[in-house]
Amino acid sequence: MSEAVPTMRRILLIVGGGIAAYKSLELVRLLKKAGHETRAILTGAGAEFVTPLSLAALTGHPVRQGLFHPDDETTMGHIELSRWADLVVVAPATAGLIAKAANGMADDLASTTLLATDKRVLLAPAMNVRMWLHPAVQANVERLKGFDGLHGVAVVGPDDGEMACGEYGPGRMAEPAAILEAIEGLLAGAAGRPLTGRRAVVTAGPTFEPIDPVRGLTNRSSGKQGYAIAAALAELGAEVTLVTGPTALSIPTGVTGVAVEAAVQMQAAVRDALPADIAVLSAAVADWRVDGVASGKIKKGPGGPPTLALIENPDILAGVAAPGPMRPKLVIGFAAETSDLEANARAKLSRKGCDWIVGNDVSDDVFGSDGNTVMLVTRDGAETWPRQSKTAIARRLATRIAEHLAD
Ligand code: CTP
């Protein structure tokens, strides 16, 4: 199994002064696991909370602290550093840093970099609740958000909660996983809408196979991963049809939803959605349906419980992946496995004739949860993605799809 680095990006992390600075170390770790490279700037106040050594060890690069350090400026000048990045992240973003950025002040490395960068900036504010709610801070944040184009900053958090100072309310820095998700979202957006003009069909959720008019066979798929994939493809500009079994979710913005119940209906709806460039079939399709669905409710009776005769459902994925004029350029299936993920996923890939398999490790609690651990298996190799939210996985998959179709 190879640990490939998918869509690696460069993040410039500015660590401001605040108790939340320790969480930035976790953010660096998550960024690295997600395959991104990080360089850090540590403000004077930030250095009161975390050491340059910890940040250097985690990022694998020297940490920049001052504006006028000759060694730093000869290796990578501060302007170059601000250009090197694909995205600048300020975490924690203190009231002071926010005020400087909102007013164009440049009196240290962090504030100068924020003015000099030609990339988007993401702020993860962290401060006392009174400070956060102060109209001066709110006005600065609104001002920064409202700047045109690239200059408009994005903001993640702050969260509500108990603060280090004992007060309660908004002001806690967003959790590192939420910051990572915001970063991935901005990176995807920065790539533009590379799937514009492409059509995609996505299946999601369980199927419901009727026994009689009131009963049926189904499974515990929540549909979250498939819905997130449909949303991520639409974010990148694709025209998406989401064929979904019964779920509690609402159809994402910009996506056309087709609600179905049984596998045979799902198959027909998928066929109707073709031709498409991309098919991502993530639905947990029931392997069997009841042969001879009763037209009326089956009653209890002296004869004991009924015997259900099952027949096999059509394999929707294998059908879509079969060679022919309607075959999408990229057909992606899912494999839920509790062991031998790569071997089983690879076997499924050839058996079903699809191009990629997203192997899902379901040995931990994946059903209905927001997080997921997956392996992407293609004909050329396999790569494991770190455990991350289903939204982050969806965005990464959508980006990979866009890159593949652009080749
Ligand atoms: N699939 C499908 N139609 C079916 C069954 C499965 O389209 N009738 C698709 C699923 O949407 C998924 C992949 O095929 O993309 C899963 O294949 P499946 O053979 O069902 O494998 P697992 O669910 O992983 O389970 P098992 O290997 O135990 O059968």
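Asker: Where do I start with the overall build of the chain in this structure?
Answerer: Tallying secondary structure elements over the chain gives 14 helices and 21 strands in all. With respect to the three principal axes, the spread of C-alpha positions in the chain is 85 × 45 × 40 Å. Residues counted as buried form 51% of the 407 residues belonging to the chain. Nonlocal contacts in the chain, meaning residues at least 24 apart in sequence, comprise 68% of its contacts between residues at least 6 apart.

Asker: Mind showing me how you'd approach the site of the ligand here?
Answerer: Surveying the vicinity of the ligand reveals 15 residues, the closest of which are Leu281, Ala283, Leu317, Phe334 and Lys348. In this structure, proline 314 approaches the ligand through a main-chain N or O atom, which is 2.8 Å from a nitrogen atom. Between the ligand and the protein, one listed contact pairs a nitrogen atom with a backbone N or O atom of isoleucine 316 at 3.0 Å. For the ligand, the accessible surface in isolation is 580 Å², of which the surrounding protein chains cover 75%. When residues of the shell around the ligand are traced back to their parent elements, those giving at least two are α12 (316–321), β16 (330–337) and α13 (341–352). Tallied by class, the residues present in the shell around the ligand amount to nine nonpolar, two polar and four charged.

Asker: Which parts of the structure should I look at to understand the domain arrangement of the chain?
Answerer: A common way to report how large an interface is uses the accessible area buried once the components associate. Taken as a whole, the chain is organised into domain 1 (10–190) and domain 2 (199–406). For domain 1 and domain 2, the distance between their C-alpha centroids amounts to 38 Å. Summing both sides of the interface, domain 1 and domain 2 together bury roughly 690 Å²; the carbon and sulfur share of this comes to 54%. By the criterion of area lost to domain 2, the three top residues of domain 1 are Glu181, Glu184 and Ala188, representing 59% of everything that side buries. The interface formed by domain 1 and domain 2 holds one salt bridge in total. For the side of domain 1 that touches domain 2, the element with the highest residue contribution is helix α9 (residues 176–190), accounting for four residues. Looking at the side of domain 1 that touches domain 2 residue by residue, the classes come out as two nonpolar, two polar and three charged.

Asker: Before we go on, may I ask you to explain the packing of α9 against helix α14 (residues 390–406) in this structure?
Answerer: Two measures define how a pair of helices packs: the angle their axes make with one another and the distance between the axes. Contact pair α9 / α14: the axes reach a minimum separation of 10 Å and the direction vectors enclose 25 degrees. Judged by the angle between their axes, α9 and α14 are roughly parallel. Where α9 crosses over α14, the handedness of that crossing is left-handed. When α9 is examined against α14, the residues Glu181, Glu184, Gly185 and Ala188 are found in contact with a partner set consisting of Thr391, Arg395, Arg396 and Thr399.

Asker: Would you explain the packing of helix α5 (residues 95–102) against helix α8 (residues 135–146) in this entry?
Answerer: Remark: α5 packs on α8, axes separated minimally by 9 Å, with the N-to-C direction vectors making an angle of 50 degrees. Between α5 and α8, the interaxial angle falls into the category oblique. Taken as a pair, α5 and α8 cross one another with a handedness that is left-handed. Facing α5, whose interface residues are Ala95, Ile98, Ala99, Ala101 and Ala102, α8 presents Val137, Asn140, Val141, Arg143 and Leu144. Classifying every residue of the contact of α5 with α8 by side-chain character gives eight nonpolar, one polar and one charged.

Asker: Help me out: how do you make sense of the nonpolar core in this one?
Answerer: Judged by nonpolar contacts, the single largest core of 34 residues is most densely connected at Leu233, Val240, Val280, Leu397 and Ile401. Counting residues per element, the ones that place at least two in this core are β8 (199–204), α10 (224–235), β11 (239–244), β13 (278–281), β16, β17 (356–361), β19 (374–377) and α14. Sequence-distant contacts of valine 280, that is, excluding residues within four places in its chain, are made with Val201, Val202, Thr203, Ile229, Leu233, Ile332, Phe334, Leu397 and Ile401. In terms of nonpolar packing, the next biggest core, distinct from the first, is built from 31 residues, Leu25, Leu31, Ala34 and Leu180 among them.

Asker: Mind showing me how you'd approach the pattern of salt bridges here?
Answerer: A side chain with one charge may pair with a side chain of the opposite charge, provided their charged atoms come close. Under the defined criterion, the tally for this structure stands at 19 salt bridges. Residue lysine 100 is joined to aspartate 108 by a salt bridge in which the shortest nitrogen-to-oxygen separation is 2.9 Å. Notably, a salt bridge pairs lysine 119 with aspartate 118, separated by 3.3 Å at the nearest N-O pair. Using a relative accessible area of 22% as the deciding quantity, one classes lysine 119 as partly exposed. Overall, the relative accessible area of 35% leaves aspartate 118 in the partly exposed class. What emerges from the salt-bridge pattern is a single network uniting Lys23, Arg172 and Glu175.

Cut-offs and rules
Residues numbered from 1 in each chain as written. Predicted model: local features only at pLDDT ≥ 70, side-chain atom pairs only at ≥ 80, totals over all residues. Heavy atoms only, no water. Helix = DSSP H or I, 4+ residues; strand = E, 2+ residues; numbered from the N terminus. Buried < 20%, exposed > 50% of the residue type's maximum accessible area, 1.4 Å probe, protein only. Contact = heavy atoms within 4.5 Å. Near = heavy atom within 4 Å. Polar contact = N/O pair within 3.5 Å; in protein donor to acceptor, adjacent residues only side chain to side chain. Areas by Shrake-Rupley, 256 points an atom, 1.4 Å probe, with all protein chains shown as cover. Nonpolar A, V, L, I, M, F, W, Y, C, P; charged D, E, K, R; others polar. Domains from an automatic or database assignment. Buried area = accessible area lost by both parts, 1.4 Å probe. Salt bridge = Lys/Arg side-chain N within 4 Å of Asp/Glu carboxyl O. Axes fitted to C-alpha atoms, helices over the stretch in contact; angles between N-to-C directions. Parallel < 35°, antiparallel > 145°, perpendicular 65-115°, else oblique. Left-handed = near helix turned anticlockwise from the far one by under 90°. Core = buried A, V, L, I, M, F, W, Y, C linked by side-chain atoms within 4.5 Å.

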